[in-house]
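Overview (structure and organization)
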Amino acid sequence: MTKKNYGFGLGLRTDHFVDVIETQPNVDWFEVVTENFMVAGGKPKNFLHQIRRDYPIFMHGVSLSIGSVDPLDTAYLSELKKLADEVEPLWISDHLCFTGMGKINSHDLLPLPYSEEAINHVADRIIQVQDFLGRQILLENVSSYLTYTDSQCSEWEFISEIVKKADCHILLDINNIYVSARNHGFDPLDYINAIDPARVKQFHLAGHSDYGDYVIDTHDQDIADPVWDLYEKALVRFGATSTMIERDDNIPPLGDLIAELDIARGISHRVFGNDIDLTQRRARG
Amino acid sequence: MKETLFERQQQMMNYLLQGKPTIKDHIVQQGAITVDTRLHIYRNAYQQRLRETIDTDHPVTGVYIGDELFDQLVQQYTISYPSSYRSLRHFCDELPSFLADQEPFSEHPQIAELARFERLLLTVFDASDAPVIGLRELSGLKAPDWPNMKIQFHPSVRVFESPWNVVSVWQAIKDDLPPPNSLPSSEACLLWRNQQRMTEFVHLNLPELCMFREFRQGSSFAQVCEALLNVVPDDELSACAVNVLSKWAQHGLIGSLYGNE
Ligand SMILES: [Fe+2]
């Protein structure tokens, strides 16, 4: 099976809306944070529709709370489906975590215990979500800072088992692997080598803050060298894969992010030469 | 078996929201980082995120009350109103009523009013889209259709009425000027999102407020004019009414005209 590679994208941020529309930058696609556009109308939504005319979109959510013991939020799923019908994204993704319970939202991506109970619970819910949406979704590995005593396996075994059971795919965040590896003391290559290449449909790259003893996934810095190294190794293992940079804070001018994206392009070129099959090149005219 | 996942999530949430320590017994001690530090990373992020949300949504209220009271506001509000919303954009929805009810903020009722004005600006910014009619469509209305004419406003249009002069306070702080003293007043403002999708507002005089209230509740132009007689002299009535309507049409506040179907 050939893997669809959509090339190099960026997380679309408010600061860059106008620049994107006016300068039509050399980016193959944009990823949007789904919830930011679950509003009735107004400026951001109008920008999204304009940008959608020129670029494919990936929809990336933060509220699915797939691991929560709360019932699935059907109102959210309906809105998600409605937005997906409007935007026609290449992929819909969210995170392997829980964000709250009892209707209280932590607005954070909280870790799950890597237990059989959690595997069954999450896989079951992904199946329901995919049935409702009528399509497969991508699940992203989150950065984590603690391990529960209930965990019976590694994170990579946990995510592998879930995606196999639910038949969904993976959005592999290379920075999150690095951050978690440092915080938990595992070898990031053990993680990468354990993931089934056929399941990986997208990469995230991002910056973090290194405090020596631990690392926090802040998304407010340039991508660090060890993450670039890991990205190269991930390309070797997984093949050419849609890649993007996630910058959420301390946001630089669009040009700086594109320059950073060019580093990713360079690494990809080093690994594959010109031999990349871009499934969908953006029509330029 | 299901119990474990439930219990762990509950313990984690109780820790984040209230600092309850029962989760500590269920976290693995790994390497040089203590369990307390690991948990604290999450609690710190949680508190920081909510603080930033209040700060982003209510910058003017923040400046007005000063750092010390703002810290107190963040602490009390986040404990009293943990977010039950999907999006942080609604986290501060209860902030004005919290400020109105909770000491020490309630001793200065203008604080709650200022926050209410800031929230309304955000509501206007996020309102749904809809077409508007301009001056040309308005003046194209045939003479016999005027008496029954009713107005559907653009979904972003809101009126803000306050017993305090908080709009002037808001404007001064926004312009980096010392705010005027808080005074009881009968300010009324009309807010809307313009064609460039920017939020705008203007102060309303009495005839404008009267016309807006009447049209908003579904009155026809004839009924609006009758109500307007209470605040405008006879001979100025039609000029005044047409003037106000033209202004609304120019600003893109009128979604559509109806009443003559
Ligand atoms: Fe990510």
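In every chain, residue numbers begin from 1 and rise along the written sequence. Written order decides the labels, with chains lettered from A and ligands numbered from 1. With the structure being a predicted model, the display of local features is reserved for residues of pLDDT at least 70 and the display and counting of side-chain atom pairs for 80 or more, all residues being used for whole-chain, interface and lining totals. As a rule here, side-chain values come from all non-hydrogen atoms in the structure, and water together with hydrogens is ignored.

1. Some details on the overall build of chain A
Scanning chain A for helices and strands turns up nine helices and 12 strands. C-alpha atoms define the radius of gyration in this analysis, and the globule rule sets the expected value at 2.2 Å times the number of residues to the power 0.38. At 18 Å, chain A has a C-alpha radius of gyration in line with the 19 Å of a compact globule built from 285 residues. Taking the principal axes of the C-alpha coordinates as reference, chain A spans close to 55 × 45 × 40 Å. Pairs of residues are marked as contacts when any of their non-hydrogen atoms sit within 4.5 Å. Intrachain contacts of chain A at a sequence separation of at least 6 include 80% that bridge at least 24 residues. With the model as given, the accessible surface of chain A reaches about 10900 Å², and the carbon-plus-sulfur share is 47%. Only four residue types enter the tally: Lys and Arg on the positive side, Asp and Glu on the negative side; His and the chain ends are excluded. Where a charge lies is defined by one atom per residue type: Lys uses NZ, Arg uses CZ, Asp uses CG and Glu uses CD. Positive and negative side-chain charges in chain A, numbering 25 and 45 respectively, have mean positions lying 7 Å apart. Only runs of H or I of at least four residues qualify as helices and only runs of E of at least two qualify as strands under DSSP, and these elements are numbered from the N terminus. In these tables, accessible area is a Shrake-Rupley quantity obtained with a 1.4 Å probe, and a residue counts as shielded only by the protein chains included in the view.

2. Section: the sheet that holds strand β1 (residues 8–11) of chain A
Residue and element names in this part refer to chain A. Pairing between strands is defined by DSSP: at least two bridges between them are needed. One closed barrel accounts for eight strands, arranged β1-β2-β3-β4-β7-β8-β9-β12; its pairing is parallel. Neighbour to neighbour, the strand axes of the sheet diverge by 25° on average, direction disregarded. The sheet contact formed by β1 and strand β2 (residues 29–33) spans three bridges and is parallel. Within the sheet, the bridge partner assigned to glycine 9 lies in β2 and is tryptophan 29. Lines fitted to C-alpha atoms define the axes here, with helix axes fitted over just the stretch in contact, and angles between the N-to-C directions of these axes take values from 0 to 180 degrees. Running at roughly 170° to strand β9 (residues 200–206), helix α8 (residues 225–238) makes contact with β1, β8 (169–173), β9 and β12 (242–246) of the sheet.

3. Digging into the domain arrangement of chain B
Residues and elements named next belong to chain B. An automatic or database domain assignment supplies the residue ranges for each domain. Assigned domains of chain B: these are domain 1 (1–107) and domain 2 (117–261). The C-alpha centroid of domain 2 is placed 39 Å from the C-alpha centroid of domain 1. For the pair domain 1 and domain 2, the summed buried area comes to about 920 Å², and 55% of that belongs to carbon and sulfur atoms. One side-chain nitrogen of Lys or Arg within 4 Å of one carboxyl oxygen of Asp or Glu is enough to make a salt bridge. The interface formed by domain 1 and domain 2 holds three salt bridges in total. Two residues, arginine 119 and aspartate 57, come together in a salt bridge whose shortest N-O distance is 3.3 Å. Polar contacts, as used here, are pairs of N or O atoms within 3.5 Å; protein pairs need one atom able to donate a hydrogen and one able to accept it. Residues neighboring in sequence count only if both atoms are side-chain atoms. Where domain 1 packs against domain 2, one counts 10 residue pairs in polar contact (both at pLDDT 80 or more). A total of five residues in the side of domain 1 that touches domain 2 trace back to one element, the largest contributor, which is helix α3 (residues 59–80). Each residue receives one of three labels: charged for Asp, Glu, Lys and Arg, nonpolar for Ala, Val, Leu, Ile, Met, Phe, Trp, Tyr, Cys and Pro, and polar for the others, Gly being one of them. For the side of domain 1 that touches domain 2, the residue count by class is six nonpolar, three polar and three charged. Here the buried area means the combined drop in accessible surface, using a 1.4 Å probe, for two parts upon being joined, counting both sides.

4. With respect to the interface of chain A and chain B
On the chain B side, the residues contacting the 48 residues of chain A number 46 residues. Contact between chain A and chain B buries roughly 4000 Å² in total, counting both sides, with carbon and sulfur atoms accounting for 61%. The interface formed by chain A and chain B includes four salt bridges. Notably, a salt bridge pairs aspartate 73 of chain A with arginine 86 of chain B, separated by 3.9 Å at the nearest N-O pair. Applying the counting rule to chain A against chain B returns 17 residue pairs in polar contact (both at pLDDT 80 or more). Those elements giving two or more residues to the side of chain A that touches chain B turn out to be α2 (43–54), α3 (74–87), β5 (98–101), β6 (104–110), α4 (116–133) and α6 (174–184) of chain A. Per-element accounting of the side of chain A that touches chain B gives the leading share, seven residues, to β6 of chain A. Its residues assigned to classes, the side of chain A that touches chain B shows 21 nonpolar, 18 polar and nine charged.

5. Brief notes about the side chain of histidine 60 of chain A
Residue and element names in this part refer to chain A. By secondary structure assignment, the location of histidine 60 is in strand β3 (residues 57–60). On the basis of relative accessible area, histidine 60 is assigned to the buried category, the value being 3%. At 3.2 Å, the side chain of histidine 60 and the side chain of histidine 95 are in polar contact. Once residues within four sequence positions are removed from consideration, histidine 60 is found in contact with Glu31, Val32, Val33, Thr34, Glu35, Ser93, His95, Glu140, Leu171, His204 and Glu246. Accessibility here uses a 1.4 Å probe with only protein chains present; expressed as a share of the type maximum, an area under 20% marks a residue as buried, one over 50% as exposed, and anything in between as partly exposed.

6. Side note on the coordination of the iron ion
Residues and elements named next belong to chain A. Each metal site is built from N, O and S donor atoms within 2.8 Å (3.2 Å for Na, K and Ca), and since water is not included, such sites may look incomplete. Taken together, Glu140 (OE), Asp173 (OD), His204 (ND1) and Glu246 (OE) make up the protein donors of the iron ion, found 2.0 to 2.3 Å from the metal. Every angle between 85 and 135 degrees makes a four-donor site tetrahedral, while opposite donors more than 155 degrees apart, with all other angles between 65 and 115, make a four-donor site square planar and a six-donor site octahedral; other sites are irregular. For the iron ion, the four donor atoms are set out with angles of 85 to 175° between them, so the coordination reads as irregular. Motif for the iron ion, donor spacing along one chain: E-x32-D-x30-H-x41-E. Placement of the pair is histidine 204 in strand β9 and glutamate 246 in strand β12, with a sequence separation of 42 residues.

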